[in-house]
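Each chain, written out:
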Amino acid sequence: MAKPHVIVIPYPAQGHVIPTLELAQCLVTQGVKVTFINTEVSHNLVTNNCLDKDGFGGLMQMVSLPDGLEPWDDRSDPCKLALSILQTMPLKLEELIVRINKEEESSRVSCVIADDCLGWAIKVAKKMGVRRAAFRPASVATLATILSCQKLIDEGIINKNGIPLSDEMIQLSETMPPIKPQNLAWACFEDSTITQVFFKFVVQTEEASRLIERFICNSCPELEAAAFSMYPQLQPIGPLLARNRLADQAGQFLQEDTTCLTWLDQQPPCSVIYVAFGSSTTFNQTQFEELALGLELSNRPFLWVVRPGMTKETATGYPDGYVKAVGSRGRIVKWAPQQKVLARPSVACFMSHCGWNSTLEGVTNGVPLLCWPHFCDQFQNASYACDIWKTGLEFEKDEEAGIVTRIEIISKVEQLLSDKTYKVKALEIKEKVTSSVSKGGYSHRNLDSFVQWIHKNDA
Ligand code: UDP
C-alpha cells in the first residue's frame, strides 16, 4: 500500500524550521512520505549546513519555493519578508500540489501540515480539497493570546491593528501568568508598523484555526497546563526534541562549531554559563560591551554564541583587549550545536533570550535559565520559566542607563547558581516533560494518534 503523502511547511525562520523538521523526521519514521517545503533561501542554508544532504536517507523530499524577494533583499526585515511571502507563496504552493499530483499519480498529496502562522497555506489546502493540520512550533500560552485577539479588541485592550490601548495587565486564565499588553507577541516592537504587519498574521492564524482538522503543538500540559485547558482542541505532542535528544540537530542555517564540545568537556561539572540569544536577537554596542564585561567579571567559565550581525556594528565590538583578558575561561563561537551543548554536564546555566526552542532545550536538559527576553513570545516564555516552573531568573534593565548592567548580570548569575532550588526544579520539570514524550506518555500518545489520523485519512 502506498504511504500517505504529506506536505510540511514551516515559516522561514530558524526557530520554526528546526522544530518543524523534527516533526517531519518523526513522521517519516512512522511510514509517512513527507515533502518538506522551504523558501529557496532557507533551503540553501539548511542543505549547506546539514550533515545528511539527501533528505534524511532519501526518506524526505526537500523542495524549495521562492519567497518573492530578490536574492539581495534584506530578509532580516520581518515585515518585508512576511508580506512578500503572503503575496507570492500561496500560488506557488497551489502549483506545487498540482504538479506533485500529476507526476506522482499513486502518491497524491493527502494532507498539508502548515506552521500555524501560515494561515494562507491552510486556505490553499482547503481550496484544493486536501486535509489540513496546523503545527505550533512556539508556546501555547502565546497561541492563547492569538486565539483571544478578538476578545482583546472587544474589551478595548488592543485596537483592530493589534496596538495596545491600555496598560492594564491581561489575565487570560487564573493560573496563567499575567501579561502586559505591550509584551504581547505582536506588540512588543518600538516600530508600530511591525506590530501591524505581525497582527495580520495573528488574524490569519486565528481564521485558519477554524479551517483545520488537527492542531498539534510542540509543548505539553506539564509545561503549560492552563493554556492547554483553555483550548482542548490543541494537541500537545512535544517537546519533540526530547524524543530524540542527542541526535544531530537538523535544519541549521549556520554551520555549528563543534570544537566547543571538547572545550566544554574539559570544564568542571556545573561550572559553565552558556550564553546564546537565538538566530535574530541583536544588541546595541553599549549593551554588547556591558554583557561582555559582565561575563568577564562573573569569574566563571562561559561559552558565548556571538552570531555574525549580532551587533549592528562590526564584529570587533568587544571592549579593548577583551578576548585576551578572558583567555581560555571564555569560549566564543559563531554558532553552537546548542542541543548537545545543553546536554553537557559542565553547563551550569543558560543565559537566553527565551525563544521557545531555546526554552524547551533548557527545560529538556534540566538547565536553569537566566532570562533576557527581547521580543515576540520571549516575554511570556520568560515568565513561565521564572513564575510558573521557577527554574529561572529574569534580568532587569537599569532604568537610568536603559541597559542590563554588568552588576545585574553578575548578581543574577550568583543568585541563580548559589541557590540550588533552581537546579532541583529544573531537574523535576525535565523528568516530567521527558516522561510525556516517552512511550505511554501524553504527548507520545497524541503524536501516535496524529500519525494514525494521517494514515486513516489516506485509506
Ligand atoms: N541554535 C543553535 N545554535 C546556536 C544558537 C541557537 O543550534 O548557537 C538553535 C537552538 O538550538 C534553537 C534555535 O537555534 O533550536 C533558535 O530557536 P529559538 O526559538 O530559541 O529562537 P529564535 O532564533 O527563533 O529567536
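Residue positions are counted from 1 within each chain, in the order its sequence is given. Local features in this predicted model are restricted to residues whose pLDDT is 70 or higher, and side-chain atom pairs enter the listing and the counts only when it is 80 or higher, whereas totals over whole chains, interfaces and linings include all residues.

**Comments concerning the overall build of the chain**
Here's step 1: The number of helices and strands found in the chain is 18 helices and 13 strands.
Here's step 2: Its C-alpha atoms give the chain principal-axis dimensions of roughly 65 × 50 × 50 Å.
Here's step 3: Partly exposed residues are those whose C-beta has more than 12 but fewer than 20 other C-beta atoms within 10 Å; 20 or more makes a residue buried and 12 or fewer makes it exposed, with C-beta atoms placed from the backbone. In the chain, buried positions account for 48% of the 459 residues.
Here's step 4: Our contact criterion uses C-beta atoms placed from the backbone: two residues qualify when those atoms are within 7 Å. A fraction of 69% describes how many contacts in the chain between residues 6 or more apart in sequence connect residues 24 or more apart. Helix and strand labels come from DSSP, where a helix needs a run of H or I of at least four residues and a strand needs a run of E of at least two; each type is numbered from the N terminus.

**Quick look at the site of the ligand**
Here's step 1: We call a residue near a molecule or strand when its C-beta atom, built from the backbone, sits within 6 Å of it. Lining the immediate surroundings of the ligand are 20 residues, of which Gly15, Gly278, Gln338, Gly355 and Ser358 lie closest.
Here's step 2: Of all the secondary-structure elements, those providing two or more residues to the shell around the ligand are helix 1 (14-28), helix 13 (338-342) and helix 14 (356-364).
Here's step 3: Here the shell around the ligand takes four residues from helix 14, the largest share from any one element.
Here's step 4: Here the residues of the shell around the ligand sort into seven nonpolar, 12 polar and one charged.
Here's step 5: The residue makeup of the shell around the ligand includes at least three contributed by each of domain 1 (5-245 + 438-455) and domain 2 (258-432). Under the scheme applied here, ten amino acids are nonpolar (Ala, Val, Leu, Ile, Met, Phe, Trp, Tyr, Cys and Pro), four are charged (Asp, Glu, Lys and Arg), and all others, including Gly, are polar. Domain borders in the structure are assigned automatically or taken from a domain database.

**Focus: the environment of Thr142**
Here's step 1: Along the chain, Thr142 falls in helix 6 (residues 140-147).
Here's step 2: In this structure, the C-alpha to C-alpha distance between Thr142 and Ile216, residues 74 residues apart in sequence, is 14 Å.
Here's step 3: Look past the residues within four positions of Thr142 in its chain and what remains in contact with it is Ala185, Asp377 and Gln380.

**Thoughts on helix 17 (residues 421-437)**
Here's step 1: The end-to-end C-alpha distance of helix 17 is 25 Å, a good match for the 24 Å that 17 residues give at a rise of 1.5 Å each.
Here's step 2: Here helix 17 has its buried residues at Tyr422, Ala426, Ile429, Val433, Ser436 and Val437. End-on, the buried residues of helix 17 take up no more than an arc of 85°, which puts them together on one face. Turned more than 90 degrees away from the buried face of helix 17, the exposed residues are Thr421 and Glu431. Helix span, expected: 1.5 Å multiplied by one less than the number of residues in the helix. When we speak of the arc, we mean the arc of directions from the helix axis to the C-beta atoms.

**Some points on the sheet that holds strand 9 (residues 302-305)**
Here's step 1: Two strands are said to pair when DSSP picks up at least two bridges between them. Strands sit in the order 10-9-8-11-12-13 across an open sheet of six strands; the sheet is parallel. A single partner strand is all that each edge strand has here, and the edge strands are strand 10 (330-333) and strand 13 (392-394). Averaged over neighbouring strand pairs, the angle between their axes works out to 15° when direction is ignored.
Here's step 2: Of the strand pairs in this sheet, strand 12 (residues 369-371) and strand 13 are connected by three bridges, and their pairing is parallel. In the strand pairing of strand 13, Cys371 is matched with Glu394.
Here's step 3: Here helix 14 sits on the sheet in contact with strand 8 (272-276), strand 11 (347-352) and strand 12, set at roughly 165° to strand 11.
Here's step 4: The convention used is that axes are lines fitted to C-alpha atoms, helices contributing only their stretch in contact, and that angles between N-to-C directions extend from 0 to 180 degrees. Contacts from helix 15 (residues 378-388) reach strand 12 and strand 13, with the element oriented near 125° to strand 13.

**As for helix 6**
Here's step 1: Among the eight residues in helix 6, eight count as buried, and that is most of the element.
Here's step 2: Along helix 6, the residues that are buried comprise Val140, Ala141, Thr142, Leu143, Ala144, Thr145, Ile146 and Leu147.

**Here's the deal with the pairing of strand 8**
Here's step 1: Extensive coverage of strand 8 is indicated by the burial of five of its five residues.
Here's step 2: With burial as the criterion, each face of strand 8 is covered, one bearing Val272, Tyr274 and Ala276 and the other bearing Ile273 and Val275.
Here's step 3: The pairing of strand 8 with strand 9 spans three bridges and is parallel. In the strand pairing of strand 9, Val275 is matched with Trp304.
Here's step 4: Place the viewer so that the strands point away; then a crossover is right-handed whenever the path from the first strand over the helix to the second strand goes clockwise. Taken together, strand 8, helix 11 (residues 285-297) and strand 9 constitute a β-α-β crossover, and its handedness is right-handed.

**Considerations on the domain arrangement of the chain**
Here's step 1: Segmenting the chain into domains produces domain 1 (5-245 + 438-455) and domain 2 (258-432).
Here's step 2: Summarising the inter-unit geometry, the C-alpha centres of domain 1 and domain 2 are found 27 Å apart.
Here's step 3: Listed as interface residues are 24 residues of domain 1 and, on the opposing side, 23 residues of domain 2.
Here's step 4: Elements with a contribution of two residues or more to the side of domain 1 that touches domain 2: helix 1, helix 6 and helix 9 (221-230).
Here's step 5: Counting residues per element, the side of domain 1 that touches domain 2 draws most heavily on helix 1, at four residues.
Here's step 6: Tallied by class, residues from the side of domain 1 that touches domain 2 come to 15 nonpolar, six polar and three charged.

**Quick word on the sheet that holds strand 5 (residues 131-136)**
Here's step 1: Judged by pairing direction, the sheet is parallel, and its seven strands sit side by side in the order 3-2-1-4-5-6-7 without closing on themselves. Across the chains shown, the open sheet's two edge strands, defined by having one partner strand only, are strand 3 (60-65) and strand 7 (234-236). Between one strand axis and the next, the sheet turns by 25° as a mean value, whatever way the strands run.
Here's step 2: Pairing analysis gives four bridges linking strand 5 to strand 6 (residues 214-217), with the strands arranged parallel. Residue pairing across strands places Ala134 opposite Phe215, the latter belonging to strand 6.
Here's step 3: Sheet strands touched by helix 2 (residues 40-49): strand 2 (33-39) and strand 3. Its angle to strand 2, the strand with the most contacts, is close to 110°.
Here's step 4: Relative to the sheet, helix 4 (residues 78-103) contacts strand 2, strand 3 and strand 4 (109-115), its axis offset from that of strand 3 by approximately 140°.

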